[in-house]
Amino acid sequence: MEKNICIVGARGYHYPYGGWETFVDNLIDNTKDKTIKYYITNLTHEKKEKKKISYQSNAEIHNIFVPAQGFVTMFTFTIISINHFIRYIKKKKMKNVILVVLGCKVGPLFLIWRPILHKLGVKIIINPDGLEWKREKWAWWIKQCFKISEFFSIIFSDYCVCDSKAILDYVNNKYKKRKTPATFIAYGAYENMKVHKTKIVKELWEKYQINSKEYYLIVGRFIPENNYETMIKEFMKSKTKKDLVIICNLEKNKFYQQLKESTQFEKDTRIKFIGSVYDKESLLYFRQHAYAYIHGHSAGGTNPSLLEALANTNINILYDVPYNHEVGENSCFYFTKEENSLKKVIQKIEKLPEKEQKEYGTLAKERINKEYTWDLVVQKYSKLFETLLEK
């Protein structure tokens, strides 16, 4: 039985951006089931590129034009993508179709879409990701909109897939009366892939005077709930001689100026903001040559950058919330917002013998191999697709 899987919510296939895009790439590239064909919408801001369709061995990539509209862009893109697939499914008279929706961006519209999709025989899977309404950056009324959207997304889908056990627990407790089944399928990572020092790395290391194993690393979206202020302040209080290398989207970001004022980090020559690095090989090289990785994410589910850190860095220091603890377990160190918490962790790990540091790295890689390989993730999704369509 041929299975046709339409995916919306990511920016596209082999699109150099973030978590959802990495998920789409790996789901497609690692699927061995020849009966599965994927259909992906690819965001473009170029009018001349719209409506183009490109082909991979097991995927069709459909270009969708959306003008750059800031954070509204992805809402618009998701709406247009779902409408596009509804028309395409009708036109091609497609059978055995599943629509996979990544994130709870457009929940209320499923009141309209669900009857149409079900009439076409389409099953709907929602992956809610994290709890978007918990993010500090949003105004109160926007948070309420996210809560409403989450409700409709989960209630009006046919299946809910959570990539974090903590998110699955939240869904089961919050929506006890729902009819939508829910399950846990993890996000994935690759363990210790061999990478070379790229041109990008050479240029950045020379510009910022970065040396192997002589820096702590932070990688993540430049937003308040990722605890940048706490991490920077605590690092500044520590007496480590190592640098703090921060890879994030600080370009044209107001938060950067706010941090400057609240932490005075520019006075500490150890702290090095180097901007965004989207090249995957360069990013892996940074991870593999870091002395330790610090992960401050406090909202959301299983974070891709955390899995990549466990797969590639020996010492990992995580902000202590359930999402992070379920991934790291006893392979990581943990800190809170309490004063001197992170400072004490830094002092502790710098006293660890090299052998013990490597043992933590081994434990971290065991966590990845046991629960978070892409092969395992893809197998579980393939089985879910088959089960849903058989029903």
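Let us look at the structure shown here. (Residues numbered from 1 in each chain as written. Predicted model: local features only at pLDDT ≥ 70, side-chain atom pairs only at ≥ 80, totals over all residues. Heavy atoms only, no water.)

**A few points about the sheet that holds strand β4 (residues 59–65)**
Pairing in this open sheet of eight strands is mixed, and the strands run β3-β4-β2-β1-β5-β6-β7-β8 from one edge to the other. Edge positions in the sheet fall to β3 (53–56) and β8 (182–184), since each of these pairs with one other strand and no more. Between one strand and the next, the sheet's axes are offset by a mean angle of 25°, whatever the strand orientation. Bridge count for strand β6 (residues 123–127) against strand β7 (residues 159–162) is two bridges, and the pairing is parallel. Counterpart to Ile-126 in the pairing with β7 is Cys-160. (Pairing = 2+ DSSP bridges. Helix = DSSP H or I, 4+ residues; strand = E, 2+ residues; numbered from the N terminus. Axes fitted to C-alpha atoms, helices over the stretch in contact; angles between N-to-C directions.)

**Notes on the environment of Pro-181**
Locating Pro-181 in the fold gives a position in the loop between α5 (165–174) and β8. Considering only alpha carbons, one finds Pro-181 and Leu-217, 36 residues apart in sequence, at a separation of 39 Å. Leaving out residues up to four positions away in the same chain, Pro-181 has contacts with Asp-158, Tyr-159 and Cys-160. (Contact = heavy atoms within 4.5 Å.)

**Details of the pattern of salt bridges**
Side chains carrying opposite charge are able to pair once their charged atoms draw close together. Across all of its chains, the model carries 15 salt bridges by this definition. Residue Glu-21 is joined to Arg-11 by a salt bridge in which the shortest nitrogen-to-oxygen separation is 3.4 Å. Of this pair, Glu-21 sits in helix α1 (residues 19–29) while Arg-11 is found in the loop between β1 (3–8) and α1, placing the two residues 10 residues apart along the sequence. Accessibility classification places Glu-21 together with Arg-11 in one group, the buried group. One salt-bridge network, held together by shared partners, links Glu-234, Lys-237 and Glu-339. (Salt bridge = Lys/Arg side-chain N within 4 Å of Asp/Glu carboxyl O. Buried < 20%, exposed > 50% of the residue type's maximum accessible area, 1.4 Å probe, protein only.)

**Observations concerning the sheet that holds strand β11 (residues 271–275)**
Strand order in the open sheet formed by six strands is β11-β10-β9-β12-β13-β14, with parallel pairing between adjacent strands. The open sheet terminates on both sides in strands that have one partner only, identified here as β11 and β14 (333–335). Across this sheet, the average inter-strand angle for adjacent strands is 25°, counted without regard to direction. As paired strands, strand β9 (residues 215–219) and strand β10 (residues 243–247) are joined by five bridges and run parallel to one another. Opposite Ile-218, over in β10, you have Ile-246 as the bridge partner.

Don't take any of this as a statement about function, it's just geometry.
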